[in-house]
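# Working through the structure, step by step
Chain by chain, the residues:
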Amino acid sequence: MNGFLLIDKETGINSFKLVVALRKIANQKRVGFAGTLDPLASGLMVLALGEYTKLLPYLESSDKVYEVVIALGKTSDTFDVEGTITENSGYDIPSLDLITRLLKEQFTGKIEQVPPRFSAIQIAGKRAYQMAREGQQFEMKKRPVEIFSVEVTDYEFPRLKLRVHCSSGTYIRSLAHDLGEELGCGGMVGELRRTAVGNLQVGRAVKLVEIDSANLEKMCVDPEQIFAGRKMINLSPEQYGVLSKGNFIENGPERIESEAMAIYSGRVAGIVEITAGGGQLKFRRKLNL
């Protein structure tokens with residue numbers, strides 16, 4: 001079976017356990033997802049079955065929207081409530097004006113942040129969180145991210161709620177920790193929910209408990225909806241036949257600048273890209289449907 005699923009993940013479940021559960025429901029091994037969510041976090045996850053797993057890399061770079069509750073006055077080695085928590089003291093309670101100003105001046109736009117040591121980032125072939133749990137010494141390097149917007153939606157110390165629209169790769173836990181450092185009181189994630197991935201909203205998602213083998217196919221979302229807004233090109237039978245053999249077609253009237261989603265017989269057939277010269281197209285990734 002081939003399809004996409006929008007799932008509203010509940011807190012307490014690991015992203016990979018979600019995959020295991022869907023493998024059992026679909027009775028197939030080829031299930032994957034784009035964008036991990038920590039067990040603490042809830043919200044939108046995009047999963048794919050069968051051949052559509054080949055398209056998941058094209059979702060990895062999508063921007064995200066999160067709603068986060070930051071607990072000020074506390075710090076944690078994991079930057080959230082699941083770690084070892086330290087109650088801080090000797091600080092002034094930050095005003096809303098100060099928080100708003102710092103968010104605008106230091107946490108909006110293109111910034112650099114250090115990911116949490118307890119994260120899935122690989123260092124020398126090993127997950128950072130595994131190394132941290134083993135007490136190994138290692139350095140997390142800064143990485144560039146972009147925060148398109150961040151707004152305070154509620155504040156009553158120590159509870160600060162934000163809505164963050166950010167680039168892929170942004171760690172909200174690092175944002176909470178770094179903001180707490182700048183405020184001088186410390187901060188960590190108390191609650192986290194992802195509400196959007198690109199153009200996809202969590203309001204369209206279903207809970208895992210709502211899915212079973214009988215309704216799985218009905219729950220699936222067409223790839224055209226998943227990739228709405230991306231360049232698409234319709235292939236004729238002749239063009240599809242040529243591309244399927246590993247050959248090239250002309251970059252014709254529907255001029256492609258880099259790559260596009262190929263549609264054949266009303267279905268997504270894969271991803272086509274331009275050749276080095278730009279005058280021809282070839283399959284970058286072909287779906288065997």
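This write-up is about the structure you can find in this document. These numbers come from a predicted model, not from an experiment.

### Section: the packing of helix α2 (residues 96–106) against helix α4 (residues 172–183)
Their axes nearest at 11 Å, the elements α2 and α4 cross at an angle of 120°. By the angle between their directions, the pair α2 and α4 is classed as oblique. Regarding α2 and α4, the two cross each other, and that crossing is right-handed. Here α2 contributes Leu98, Ile99, Leu102, Leu103 and Gln106 to the contact with α4, which in turn contributes Leu179, Glu182 and Leu183. Considering only residue class, the contact of α2 with α4 consists of six nonpolar, one polar and one charged.

### As for the packing of aromatic side chains
Applying the stated rule across the entire model yields six aromatic pairs. Measuring from centroid to centroid gives 5.9 Å for Phe4 and Phe227, while their planes differ by 75°, and the two rings are edge-to-face. Of the two residues, Phe4 is situated in strand β1 (residues 3–9) and Phe227 in the loop between α6 (223–226) and β14 (232–234); the sequence distance between them amounts to 223 residues. On the basis of relative accessible area, Phe4 is assigned to the buried category, the value being 0%. Here the aromatic rings of Tyr240 and Tyr264 are separated by 4.2 Å at their centres, their planes lie at 5°, and the arrangement is stacked. A residue pair is termed long-range when its members are at least 10 positions apart, and Tyr240 in helix α7 (residues 237–244) and Tyr264 in strand β16 (residues 259–264) qualify at 24 residues.

### Some thoughts on the pairing of strand β11 (residues 159–166)
The alternating pattern of β11 places Leu160, Leu162, Val164 and Cys166 on a buried face, while none of Arg159, Lys161, Arg163 and His165, on the opposite face, is buried. Note: strand β4 (residues 64–72) against β11, eight bridges, orientation antiparallel. Among the inter-strand pairings, Ala71 is bridged to a residue of β11, identified as Arg159. Turn length for the strand β10 (residues 143–156)-β11 hairpin, with the two strands adjacent in sequence and antiparallel, is two residues.

### Structural notes on the layout of surface pockets
Computed from the structure, the largest pocket encloses a volume of approximately 1100 Å³. Surrounding the largest pocket, 33 residues form its lining, Thr36, Asp38, Ala120, Tyr171 and Arg173 being those nearest its centre. Considered class by class, the residues forming the lining of the largest pocket number 13 nonpolar, 10 polar and 10 charged.

### Regarding α4
Helix length check: α4, at 12 residues, gives a terminal C-alpha distance of 16 Å against a target of 16 Å (1.5 Å per residue), a fit within 8%. Burial within α4 is extensive, with nine of its 12 residues counted as buried. For α4, every residue scored as buried is listed here: Ile172, Arg173, Ser174, Leu175, Ala176, His177, Leu179, Gly180 and Leu183. Residues of α4 that are buried make contact with β4, α2, β7 (109–113), β10, β11 and β12 (187–197). Gly184 sits one or two positions beyond α4 and adopts a positive phi of about 80°.

### So, the nonpolar core
In terms of nonpolar packing, the biggest core is built from 42 residues, with Leu5, Leu47, Val68, Ile70, Leu162, Val164 and Leu179 touching the most fellow members. Take this core: its biggest share by element is five residues, from α4. Ignoring anything within four residues of it in the chain, the contact list for Leu47 reads Gly3, Phe4, Leu5, Ile7, Leu18, Val19, Leu22, Val31, Gly32 and Phe33. Counting residues in hydrophobic clusters, the runner-up holds 23 residues, among them Leu44, Leu55, Met261 and Ile271.

### Comments concerning the pairing of β1
The buried fraction of β1 amounts to seven of the seven residues, a majority that puts the element mostly inside the structure. Because side chains alternate across β1, one face comprises the buried residues Gly3, Leu5, Ile7 and Lys9, and the other comprises Phe4, Leu6 and Asp8, equally buried.

### With respect to the sheet that holds β16
Read across the sheet, five strands follow the order β14-β16-β17-β18-β15 without closing on themselves; strand pairing throughout is mixed. If you trace the sheet from one side to the other, it starts and ends with β14 and β15 (249–250), each paired once. Where strand β17 (residues 267–274) meets strand β18 (residues 280–286), five bridges bridge the pair, whose relative direction is antiparallel. Its bridge partner lying in β18, Val272 is registered against Phe283. Relative to the sheet, α7 contacts β14, β15, β16, β17 and β18, its axis offset from that of β18 by approximately 70°.

### Re the environment of Phe148
Within the secondary structure, Phe148 sits in strand β10. Expressed as a C-alpha distance, the spacing of Phe148 and Asp63, which sit 85 residues apart in the sequence, is 9.2 Å. Apart from the residues lying within four places of it in its own chain, the contact partners of Phe148 are Asp63, Thr108, His165, Cys166 and Ser167.

Conventions and cut-offs
Residues numbered from 1 in each chain as written. Predicted model: local features only at pLDDT ≥ 70, side-chain atom pairs only at ≥ 80, totals over all residues. Heavy atoms only, no water. Axes fitted to C-alpha atoms, helices over the stretch in contact; angles between N-to-C directions. Helix = DSSP H or I, 4+ residues; strand = E, 2+ residues; numbered from the N terminus. Parallel < 35°, antiparallel > 145°, perpendicular 65-115°, else oblique. Left-handed = near helix turned anticlockwise from the far one by under 90°. Contact = heavy atoms within 4.5 Å. Nonpolar A, V, L, I, M, F, W, Y, C, P; charged D, E, K, R; others polar. Phe/Tyr/Trp six-rings, centres within 6.5 Å; stacked < 30°, edge-to-face > 60°. Buried < 20%, exposed > 50% of the residue type's maximum accessible area, 1.4 Å probe, protein only. Pairing = 2+ DSSP bridges. 1 Å grid on protein atoms, 1.4 Å probe; cavity = no way out; pocket = protein on both sides within 12 Å on 5 of 7 lines; lining within 4 Å. Points joined across faces, edges and corners; volume = space filled by probe spheres on them. Expected span 1.5 Å × (residues − 1). Core = buried A, V, L, I, M, F, W, Y, C linked by side-chain atoms within 4.5 Å.

Coordinates in, geometry out; function isn't part of it.
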